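# Fold and geometry: a report
Below are the chains, spelled out letter by letter.
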Amino acid sequence: MTPPKPEARPDKVSLRSYVRLFRKDILSAQPARLYRAWMAEFRTPFFRSFLLNQPDLVDMVLKKRPDDFPKSARISEGLRPLLGNSVFLTNGEVWKRQRRIIDPAFEGGRLREVFPAMRAAGDAAVARLRAQVGEVVEIEEVTSHVAADVIFRTLFSIPIEHDIAAQVFSRFRAYQRAQPILNLAAFVPLPRWVPRFHSRETRRNAARIRALIGQLTAERMAMISAGTAPDDLATKIMTTADPVTGERFDTDEMVDQVAIFFLAGHETSASALAWALYLMALYPDWQDRVAREAAALEDDGFSVMSRLKVSRDVFRETLRLYPPVPMMVREAICSERFRDRDVPKGAQMVLSPWHLHRHERLWDNPDGFDPERWQTENGKTCQREAYIPFSAGPRVCTGAGFAMVEGPLLLSMILRAYRVERMEGRDPVPVAHLTVRARDGIWLRLRPREDV
Ligand code: HEM
């Protein structure tokens, strides 16, 4: 069986049904030709958008001329109440300054320092799962929990059981339930003059989450002043001065950044880890290989990561098939000519890891699960040119290196302790909201792994 893929819609549909399909999920709203096209145009009375699959065009938008294709403001609208002025939403000089302060916290060397906190979150997850052995478990719940735990432990040196952390986690779920986080009105842009409303509940939840995060950052600021702050990501970010302006984040701006670290850092990793575990249940031979390799975890130092090669290839292949961020949108600030077509100023440029990663003219066996592809010529070329799970260029995910340690580590830790089994007839159907999730959850039976 090939890994589940959403059914594509017919090639031609009315705008009305397009919007209706879109509301359900942005993946099944797309026609199958996008897996073969180099570029596709969508015209509606309100906007024009272009999906780009041609590697050099993707490269131009993300890497060569990113300033000419800033983040589309329309996409941000659904997230604004929660994220304020966070690095995820800003553009231009503000964004550049924020990245200069944040990036040093995620440099290679720092990963080694946060590694023990990641392992502690993994140990806690393995211990929690013990109570569910033999049961059928909804895996996305499990992975959301552990990914949130990783964020709080690495950022603020507190576990998810900490009162404030637990409240942020549960409030955040309520926020998502009240407002599917990808605001569709923002993705299928309406004219700018149409007012956007956030429900009262959305605003209330966002305000509550921000107040809780505000408490954490204010406490941390006090500890920094007193010289008693732990050496974690929050301290690093809050004490780093912008090398250009000399400014630091004040408490308010730090709240915006913590909100995005929490959102971007836990939703995405949780999605990827859940799909990785499902794929392991679908391909038990690979699961056994990951589990055998995970014996290396006896050694608990950071160097163990270089020995989790199978796990890394599996995780990388998972990010290809189920990129947690399925699409990204930029806006052309001047008119362009792409593939002999006029791209007007203001057009929405859609970059779709989902389609690019399964492009039929680029990848061998595009819909198949093959972690060995990364050692083949085709796999290596495509990894360079058509693989963007973390985006690319200056606006690349800040947490890419972090996620590539966290994902394989947690996958190996869980599979070292347990075996996951697929439930016949209950395979997940991928749908995309902000991240790629399963329509009705991912249900797997958990067994103890006694044979390794
Ligand atoms: C498997 C896990 C992850 C995936 C697939 C992922 C993917 C992405 C992608 C595709 C973007 C670009 C979005 C866009 O430009 O529209 C992004 C941005 C971002 N990610 Fe991640 N991410 C992951 C984990 C993390 C983690 C763990 C953190 C932090 C702890 C993080 C923090 C951020 C931030 C702050 C941005 C905004 C960067 C900017 O706009 O300058 N991400 N991520």
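This text goes with the structure placed above it.
Throughout what follows, the structure given in this document is the object of discussion. (Residues numbered from 1 in each chain as written. Predicted model: local features only at pLDDT ≥ 70, side-chain atom pairs only at ≥ 80, totals over all residues. Heavy atoms only, no water.)

### Examining the coordination of the iron atom of the ligand
Put simply, a metal with four donors set out as a tetrahedron has ideal angles of 109.5 degrees, and one with six donors set out as an octahedron has ideal angles of 90 or 180 degrees. We count it as follows: For Na, K and Ca the donor cut-off is 3.2 Å, while for other metals it is 2.8 Å, and in both cases only N, O and S atoms qualify; water is not among them, so sites may look incomplete. Here a strand is any run of E in DSSP of at least two residues, a helix any run of H or I of at least four, and the numbering for each starts at the N terminus.
From the protein, the iron atom of the ligand takes a single donor atom, Cys397 (SG), 2.3 Å away. Looking at the secondary structure, you find Cys397 in the loop between helix 16 (377-385) and helix 17 (400-417).

### Some points on the nonpolar core
For clarity, the threshold we go by: Throughout this description, the term nonpolar core refers to a set of buried Ala, Val, Leu, Ile, Met, Phe, Trp, Tyr and Cys residues connected via side-chain atoms within 4.5 Å. Type-normalised accessible area, obtained with a 1.4 Å probe on protein chains alone, sets the label of each residue: buried when under 20%, exposed when over 50%, and partly exposed for intermediate values. Whether two residues are in contact is decided by their heavy atoms: any pair within 4.5 Å suffices.
Among the nonpolar cores identified, the biggest contains 136 residues, and Leu52, Ile237, Met280, Phe338, Met349, Phe402 and Leu411 are the most heavily contacted of them. Of the residues forming this core, the biggest block, 19 residues, is contributed by helix 12 (residues 251-282). Excluding residues within four positions of it along the chain, Met280 makes contact with Trp286, Gln287, Val290, Val314, Phe369, Leu411, Leu415 and Val420.

### Comments concerning the pattern of salt bridges
Selection rule: Each salt bridge in this description consists of a side-chain nitrogen of Lys or Arg and a carboxyl oxygen of Asp or Glu lying within 4 Å of one another.
Counted according to the given criterion, the structure contains 34 salt bridges. Taken together, the salt bridges that share partners define one network made up of Lys5, Arg358 and Asp367.

### Some words on the sheet that holds strand 3 (residues 136-138)
Using the following cut-off: Pairing between two strands is assigned when DSSP locates at least 2 bridges connecting them. Fitted lines through C-alpha atoms serve as axes, helices being fitted only where they are in contact, and the angles separating the N-to-C directions of these axes extend from 0 to 180 degrees.
Here three strands make up an open sheet; going across it, the order is 3-11-8 and the pairing antiparallel. With one partner strand each, in any of the chains shown, strand 3 and strand 8 (418-422) form the two edges of the open sheet. The sheet shows a mean angle of 45 degrees between the axes of neighbouring strands, direction not considered. Pairing of strand 8 with strand 11 (residues 443-448) involves five bridges; the strand directions are antiparallel. Note on strand 11: the bridge partner recorded for Arg419 is Arg447.

### A word on unusual backbone geometry
In this model, Ser157 sits at a positive phi of 60 degrees, which is unusual for a non-glycine residue. Along the polypeptide, Ser157 turns up in the loop between helix 7 (139-156) and helix 8 (163-178). The exposure class of Ser157 is partly exposed, given its relative accessible area of 39%. Non-glycine residue Asn365 carries a positive phi angle of around 45 degrees. Here Asn365 lies in the loop between helix 15 (353-356) and helix 16.

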